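Listed here are the chains, written in short residue letters.
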Amino acid sequence: DAGITQSPRHKVTETGTPVTLRCHQTENHRYMYWYRQDPGHGLRLIHYSYGVKDTDKGEVSDGYSVSRSKTEDFLLTLESATSSQTSVYFCAISESRDSTDTQYFGPGTRLTVL
Amino acid sequence: QKEVEQNSGPLSVPEGAIASLNCTYSDRGSQSFFWYRQYSGKSPELIMFIYSNGDKEDGRFTAQLNKASQYVSLLIRDSQPSDSATYLCAFDSGGYQKVTFGIGTKLQVIP
């Protein structure tokens, strides 16, 4: 398995509180991604990173911010959590931008916003 | 809006049969297509990718791509109960591997 960990694995929080999810990789891959997965919607890209301090928005970026200060860590922050952000969040990594290169997924974080 | 359409299922097949999973996509510029398998409560894992028209075989799995008709399919031969999972179709048409995923088809292989 690719060396990707996510923390926390489960979190319950209240509406309006800030939440930070962490993705950590040991593969030294340049590209990192945050997705959310919801029933009926599949996986949707939130933000991605193509290098340290280089990030860009995905399809559903509103309400989320990211940071990448080191190659191995990609943080996803919900500035003020809402119930609509209850979801399963997956981090993914890839070595290159080659479309045939595999994206490896982390184990996921289940977030519940009450 | 780039879209991928999949029947969410469940698709039930008996053990040993061929399972056929289908997917259509909207973006004619799509270059690469992927099939991911996701067991319940687990993360997706890539099982096949294809970028040329025609068939690509890997063990019991065959991916089929028809760009003119904008569909991609996955055949699983000699289906096993361990193949029971949700299969996600995805395509990549842009840089930085921005991949669009379908909602997935749930496959149940009945012993």
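Our structure is the block above this text.
As a starting point, this report considers the structure included with it. What you see is a predicted model; the values in this text were computed from it and never measured. (Residues numbered from 1 in each chain as written. Chains lettered and ligands numbered in written order. Predicted model: local features only at pLDDT ≥ 70, side-chain atom pairs only at ≥ 80, totals over all residues. Heavy atoms only, no water.)

## Let's talk about the sheet that holds strand β6 (residues 54-58) of chain B
Residues and elements named next belong to chain B.
- Reading across the sheet, the 5 strands line up as β1-β3-β8-β7-β6 and stay open at both edges, with antiparallel pairing between neighbours. Taken across any chain shown, the strands that pair with only one partner, and hence form the sheet edges, are β1 (4-5) and β6.
- The pairing of β1 with strand β3 (residues 19-25) spans 2 bridges and is antiparallel. Across the sheet, residue Val4 finds its bridge partner in β3, namely Tyr25. (Pairing = 2+ DSSP bridges. Helix = DSSP H or I, 4+ residues; strand = E, 2+ residues; numbered from the N terminus.)

## A short note on the nonpolar core
- Grouped together as the largest cluster of nonpolar side chains are 23 residues, with contacts concentrated most on Trp35, Val72, Leu74, Ile76 and Tyr87 of chain B.
- Excluding its chain neighbours within four sequence positions, the residues that come into contact with Tyr87 of chain B are Gln6, Leu21, Trp35, Tyr36, Arg37, Ile47, Leu74, Ile76, Gly104, Thr105 and Leu107 of chain B.
- In terms of nonpolar packing, the next biggest core, distinct from the first, is built from 19 residues, Val19, Met32, Ile46 and Tyr64 of chain A among them. (Core = buried A, V, L, I, M, F, W, Y, C linked by side-chain atoms within 4.5 Å. Buried < 20%, exposed > 50% of the residue type's maximum accessible area, 1.4 Å probe, protein only. Contact = heavy atoms within 4.5 Å.)

## A closer look at unusual backbone geometry
- Cis peptide bonds are those with omega within 30 degrees of zero, and the linkage from Ser7 of chain A to Pro8 of chain A qualifies with -10°.
- Inspection of the secondary structure puts Pro8 of chain A in the loop between β1 (4-7) and β2 (10-13).
- Positive phi values are uncommon outside glycine, yet Gln70 of chain B reaches one of about 60°.
- Among the secondary structure elements, Gln70 of chain B is positioned in the loop between β7 (61-66) and β8 (71-76).
- At Asp78 of chain B, a residue that is not glycine, the phi angle is positive and equals roughly 50°.
- Assignment of secondary structure puts Asp78 of chain B in the loop between β8 and β9 (85-92).

## Here we look at the environment of Val12 of chain A
All names here are of chain A.
- Tracing the backbone shows Val12 in strand β2.
- The spatial distance from the C-alpha of Val12 to the C-alpha of Arg30 is 31 Å, given a sequence separation of 18 residues.
- Residues within four places of Val12 in sequence aside, it is in contact with Thr112 and Leu114.

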